[in-house]
Structure formats: structure tokens, C-alpha cells
Amino acid sequence: MSTTGAERETRNVKVPGATLYVELRGSGPILLCITGGPTDAGMFTDLAERLADAFTVVSYDQRGHSRSALDGAPEDIPVALHADDAAAILSAMGSEPAYVYGNSGGATIGLELVTRHADQVGTLVAHEPPIMELLPDAAMWRSGFEDITKTYEAEGVFAAMGKFGALVEEGGPKYSEEMQRSQEPPTPEAQEMMARMAGNFDQFIAHEIRPIGAYVPDIEALRNAPTRIVSAAGESSGEQAARRAAIALAERLGIPKTFLPGAHGGWGSDPQEFADRLRTVLQGA
């Protein structure tokens with residue numbers, strides 16, 4: 001365990017096949033934040049600082065990402081293994097059921113965490129999990145993911161990431177174009193995180209996108225779990241597939257649809273408004 005400042009503590013959690021890099025901020029009940037895509041714990045730095053007065057906010061780099069080293073060569077990672085990693089982190093934090101917030105693929109991991117380890121999760125907020133198998137156009141998404149894989153094999157990771165970005169943006173805000181138009185220069189911390197993320201692209205495209213994209217939630221297990229589950233969609237996500245999937249999940253589970261500010265991952269929202277709304281949703285107010 002090491003401390004890098006008053007607001008952040010870092011730990012390593014050993015799991016089969018990897019060592020996970022974990023960050024903690026704040027005090028109070030555990031809130032585990034699970035990222036999606038090729039990102040890492042840095043995606044939640046700002047959110048964690050805004051929620052640290054109410055929670056011990058725990059974030060981490062998924063196995064093979066950034067500072068979470070694999071013991072061996074990269075290989076396909078089932079969603080169940082990601083869920084077991086999250087459960088191991090929760091076990092290292094204590095025995096009380098935790099709050100969990102998962103965004104995008106992290107929300108998919110959160111659903112599998114509840115399926116496999118429901119006793120460890122008191123409340124899950126699944127924010128736009130890309131569970132395309134619940135959608136009427138699931139076949140199109142299967143084809144799209146297969147095309148990304150073929151592009152990766154033929155043209156390399158950056159061409160594949162370009163296709164992935166275009167596919168997930170379909171029907172809603174064009175994040176990549178808006179980022180290019182932004183006049184605000186990235187902070188040194190953001191630049192460092194973006195460099196780490198670029199180093200995760202191969203792992204994500206080669207070994208993660210297909211298992212995440214093919215995931216089918218166990219609706220019966222989720223309905224029967226003691227966990228309070230919230231399926232959240234972005235208010236500004238338009239008709240993007242992940243938003244439609246969040247609504248479909250709520251309907252399958254028979255729970256109310258919940259909306260959070262901004263688009264996918266809170267994109268475009270005021271950071272404080274997003275944190276305040278998420279806090280309210282987590283606490284069930």
C-alpha cells in the first residue's frame with residue numbers, strides 16, 4: 001500500500017493471472033467504480049473527488065490495462081473473469097455490501113458481478129451497459145463487432161478503434177468530433193491518461209470487445225438477487241445503442257428507467273451536476 005497524497009491511496013490486489021492497480025479516495029461506505037472500453041482508473045479521478053465526502057471511492061485499472069499487469073501473455077477475457085476481479089477488490093475492501101457504479105462495459109461487468117457475487121453488492125448503478133443482445137438489431141451489432149475484428153487483423157489497432165468509435169456513436173453525439181473542436185487544452189494528467197489508454201487499445205480490441213459485445217445478462221438471476229439494481233440511460237445519448245440497451249434492461253428487469261445527465265458516460269454534462277445526480281441515485285433518494 002502506498003499513499004500519493006492526502007486524497008488518494010493506491011493499492012495492489014493480486015488475482016489469478018494479474019495484479020490489479022487500485023485507487024481509493026474519501027471515507028464512508030465503499031463505492032466501486034468500474035470503467036468501460038480501453039480506459040483506466042483515471043477516468044474516475046474527478047468524479048471520485050466530488051463523491052469522496054460521502055463514499056470511499058474505489059477505482060481500478062482492469063487486468064491488462066495501464067498499471068494492472070498480466071502474469072502471462074494477453075488472452076481473451078470473459079466478462080465473468082472481469083466480475084471475479086471486481087469481487088476480489090471488494091473482498092480486499094471489507095465484508096459489507098458495497099455500492100457499485102459501472103459505466104459502459106463497466107456496467108456490463110457490474111451486472112455479471114451481481115450475477116456471480118450478489119452478496120457483495122448492495123446497490124448497482126449500471127450506466128448504459130452495451131448489452132446489444134437485448135436489442136432488436138442485435139444481428140447488426142454482431143456483424144459490426146466482427147468487422148472491427150477483421151479490420152484489426154488486416155489494418156491494425158487504430159483503424160479498428162476508428163470503426164469502433166463510429167459504431168458506438170451512431171444515433172447520438174459525435175464525441176470524437178466534439179473533442180477535436182474543443183478549445184480547452186488537456187491537463188498534464190489528462191494527457192498522461194490518454195497515453196495510457198492508447199497503450200490499452202490492442203488489449204481491448206483483440207481480447208475484450210467480443211466478450212463484452214456478446215454478453216447476455218442472466219435476467220432471472222438479476223431479478224432474484226438481493227441487490228438493488230438501477231439501469232441508467234444518458235439524457236443526451238439520443239438513440240445510441242447503449243442507451244437503448246439500458247432501457248431494454250430496465251424493461252426486462254421490471255424496474256423504473258433512470259436517467260443521468262449527459263450522454264454516454266456523462267459526456268457533455270456539468271461534472272458537479274452529474275456527481276450530485278449519481279449520488280442521489282446511489283443513495284436511493
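This write-up is about the structure you can find in this document. (Residues numbered from 1 in each chain as written. Predicted model: local features only at pLDDT ≥ 70, side-chain atom pairs only at ≥ 80, totals over all residues. Heavy atoms only, no water.)

A short note on the packing of helix 5 (residues 157–169) against helix 7 (residues 188–207)
Phase 1 of the analysis: Two numbers describe how helix 5 lies on helix 7: the axes approach to 10 Å, and their chain directions differ by 70°. As summarised for this structure, helix 5 and helix 7 are arranged roughly perpendicular, according to the angle between their axes. The way helix 5 lies across helix 7 gives a crossing that is left-handed. Along the contact surface, helix 5 presents V157, F158, A160, M161 and F164, while helix 7 presents F201, D202, F204 and I205.
Phase 2 of the analysis: When grouped by side-chain class, the residues that make up the contact of helix 5 with helix 7 number 8 nonpolar, no polar and 1 charged. (Axes fitted to C-alpha atoms, helices over the stretch in contact; angles between N-to-C directions. Helix = DSSP H or I, 4+ residues; strand = E, 2+ residues; numbered from the N terminus. Parallel < 35°, antiparallel > 145°, perpendicular 65-115°, else oblique. Left-handed = near helix turned anticlockwise from the far one by under 90°. Contact = heavy atoms within 4.5 Å. Nonpolar A, V, L, I, M, F, W, Y, C, P; charged D, E, K, R; others polar.)

Some points on the pairing of strand 2 (residues 8–15)
Side-chain direction in a regular strand flips from residue to residue, so the side chains alternate between the two faces of the sheet.
Phase 1 of the analysis: Pairing geometry for strand 2 and strand 3 (residues 18–26), over 7 bridges, is antiparallel. Directly across from T10, in strand 3, lies its bridge partner E23.
Phase 2 of the analysis: Where strand 2 folds back on strand 3, the antiparallel hairpin that results is connected by 2 residues, among which G17 adopts a positive phi of roughly 90°. (Pairing = 2+ DSSP bridges.)

Concerning the packing of helix 2 (residues 79–93) against helix 3 (residues 105–117)
Phase 1 of the analysis: In the contact formed by helix 2 and helix 3, the axes pass within 8 Å of each other and the chain directions differ by 75°. What the angle tells us is that helix 2 and helix 3 run roughly perpendicular. Every residue of helix 3 that contacts helix 2 at V79, A80, H82, A83, D84, A86, A87 and L90 is listed here: T108, I109, E112, L113, R116 and H117.
Phase 2 of the analysis: Classifying every residue of the contact of helix 2 with helix 3 gives 8 nonpolar, 3 polar and 3 charged.

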